[in-house]
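Below, each chain spelled out in residue letters.
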Amino acid sequence: MSLIAAGFNPEPEAPEPLPNNGFWPEIDPADFRAAERILADITAERVAQALRVAMADTNRQLRNWQAEQQDAGATTIADVTAPSWQVPDAYPLLYRRAVYATAHAALLERYREVSATAEGDERGEAKRDAADDYRRDARWAVSEIEGRGHVTVELI
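Residues numbered from 1 in each chain as written. Predicted model: local features only at pLDDT ≥ 70, side-chain atom pairs only at ≥ 80, totals over all residues. Heavy atoms only, no water.

Trainee: Can you walk me through the nonpolar core in this structure?
Mentor: Soluble globular proteins tend to bury their nonpolar side chains together. One finds Trp-24, Phe-32, Leu-51, Trp-65, Tyr-95, Val-99 and Ile-145 to be the most contacted residues of the largest nonpolar core, which totals 29 residues. For this core, the elements supplying multiple residues, two or more each, are helix H2 (44–61), helix H4 (90–110) and helix H5 (118–146). Among all residues touching Phe-32, those that are not within four sequence positions of it are Arg-37, Ile-38, Val-47, Leu-51, Tyr-100, Ala-103, His-104 and Leu-107. (Core = buried A, V, L, I, M, F, W, Y, C linked by side-chain atoms within 4.5 Å. Buried < 20%, exposed > 50% of the residue type's maximum accessible area, 1.4 Å probe, protein only. Helix = DSSP H or I, 4+ residues; strand = E, 2+ residues; numbered from the N terminus. Contact = heavy atoms within 4.5 Å.)

Shown next, in the form of structure tokens:
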């Protein structure tokens, strides 16, 4: 005996893009879900919260760079000319990478699988490592925007 279940749940409405500070682009939660393959069991509210916090953090890190660009006459990131060797729209692309990676890292840290077995511990450890990788990607994207290298070495 087999069972074929057909669902009639309507598709959820696409969330509205999250407004930004006017200089940086708004962030589309649907694009974030698709680009980062965020599971459907993570609520839209949790995704929106993670993205808002990531935007605030990224904007804080880039506040001086943004001020320099605005002092030079740029109203939005679209007004900033990327170096000739860079791809078109490099700055919005890197900004989204920083925001998406920061938000994804936060979601990975919040949604570690809970299990009393060693297998569950290994999955949690793997997600923590992945979150660290996403945070690194976010830092690198911010460094790219600011024109800095990826490595900072300090002598102790």
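Trainee: Any chance you could explain the environment of Pro-17 here in plain terms?
Mentor: For Pro-17, the location among the structural elements is in the segment before helix H1 (29–36). Judged by its relative accessible area of 32%, Pro-17 falls in the partly exposed class. Between the alpha carbons of Pro-17 and Ile-27 there is a distance of 5.4 Å; along the sequence they are 10 residues apart. Ignoring sequence-local partners within four residues, the contact set of Pro-17 consists of Glu-26, Ile-27, Asp-28 and Pro-29.

Trainee: Please clarify how the packing of aromatic side chains should be interpreted in this entry.
Mentor: Think of a pair of aromatic rings as described by two things: how far the centres are apart, and how the planes are tilted against each other in angle. Tallied over the entire structure, the rule returns five aromatic pairs. Taken together, a centroid distance of 5.1 Å and an interplanar angle of 85 degrees make the contact between Phe-23 and Trp-24 edge-to-face. Each member of the pair, Phe-23 together with Trp-24, is buried. Between the aromatic rings of Trp-24 and Trp-65, the centroid separation amounts to 5.8 Å while the plane-to-plane angle is 25 degrees, which identifies the pairing as stacked. Of this pair, Trp-24 sits in the segment before H1 while Trp-65 is found in helix H3 (residues 63–71), placing the two residues 41 residues apart along the sequence. For Trp-65, a relative accessible area of 8% translates into the label buried. Taken together, the aromatic side chains of Phe-23, Trp-24, Trp-65, Tyr-91 and Tyr-95 make up a single cluster linked through ring pairs. For Arg-136, the ring lying beneath its charged end belongs to Trp-140, and the centroid distance is 4.9 Å. (Phe/Tyr/Trp six-rings, centres within 6.5 Å; stacked < 30°, edge-to-face > 60°. Lys NZ or Arg CZ within 6 Å of the ring centre and 35° of its normal.)

Trainee: What am I meant to see in the confidence of the model for the chain here?
Mentor: Regions with low pLDDT carry predicted coordinates that are not meant to be interpreted in detail. Scored by pLDDT, the chain has a mean of 85; 76% of the residues are at 70 or more. Taken together, the stretch residues 114–118 has pLDDT below 50 and engages in three contacts with residues farther than four places along the chain or on a different chain. (pLDDT = per-residue confidence, 0-100.)

Trainee: It is not clear to me how H1 should be interpreted in this structure. Could you clarify?
Mentor: Residue pairs spaced three or four apart in an α-helix point in one direction, given the helix's 3.6 residues per turn. Taken residue by residue, H1 has Pro-29, Phe-32 and Glu-36 as its buried positions. Around the axis of H1, the buried residues are gathered within 55 degrees of arc, so they sit on the same side. With a side-chain oxygen lying 3.0 Å from the backbone nitrogen of Ala-30, the N-terminal cap of H1 falls on Asp-28. Positive phi shows up at Arg-37, right after H1, with a value of about 55 degrees. (Arc of directions from axis to C-beta. Polar contact = N/O pair within 3.5 Å; in protein donor to acceptor, adjacent residues only side chain to side chain.)

Trainee: I would appreciate a short explanation of H4 in the present structure.
Mentor: With 21 residues, H4 should reach 30 Å at 1.5 Å per residue; the first-to-last C-alpha distance of 30 Å fits that figure. Within H4, 15 of the 21 residues are buried, which leaves it mostly tucked inside the rest of the structure. (Expected span 1.5 Å × (residues − 1).)

Trainee: Explain the pattern of salt bridges to me, please; I cannot follow it from the model alone.
Mentor: One side chain can pair with another of opposite charge once the charged atoms of both are near each other. Scanning the entire structure with this criterion turns up six salt bridges. With a closest N to O distance of 2.7 Å, Asp-57 and Arg-60 form a salt bridge. Here Asp-57 pairs with Arg-60, and both are found in helix H2, just three residues apart, close to one helical turn. Of the residues examined, Asp-57 reaches a relative accessible area of 25% and is grouped as partly exposed. The class for Arg-60 is partly exposed, based on a relative accessible area of 45%. In this structure, Arg-136 engages Asp-133 in a salt bridge whose closest nitrogen and oxygen atoms are separated by 3.6 Å. Taken together, the positions of Arg-136 and Asp-133, both in helix H5 and three residues apart, correspond to about one turn of that helix. Using a relative accessible area of 29% as the deciding quantity, one classes Arg-136 as partly exposed. Where salt bridges share partners, they join Arg-97, Asp-133, Arg-136 and Asp-137 into one cluster. (Salt bridge = Lys/Arg side-chain N within 4 Å of Asp/Glu carboxyl O.)

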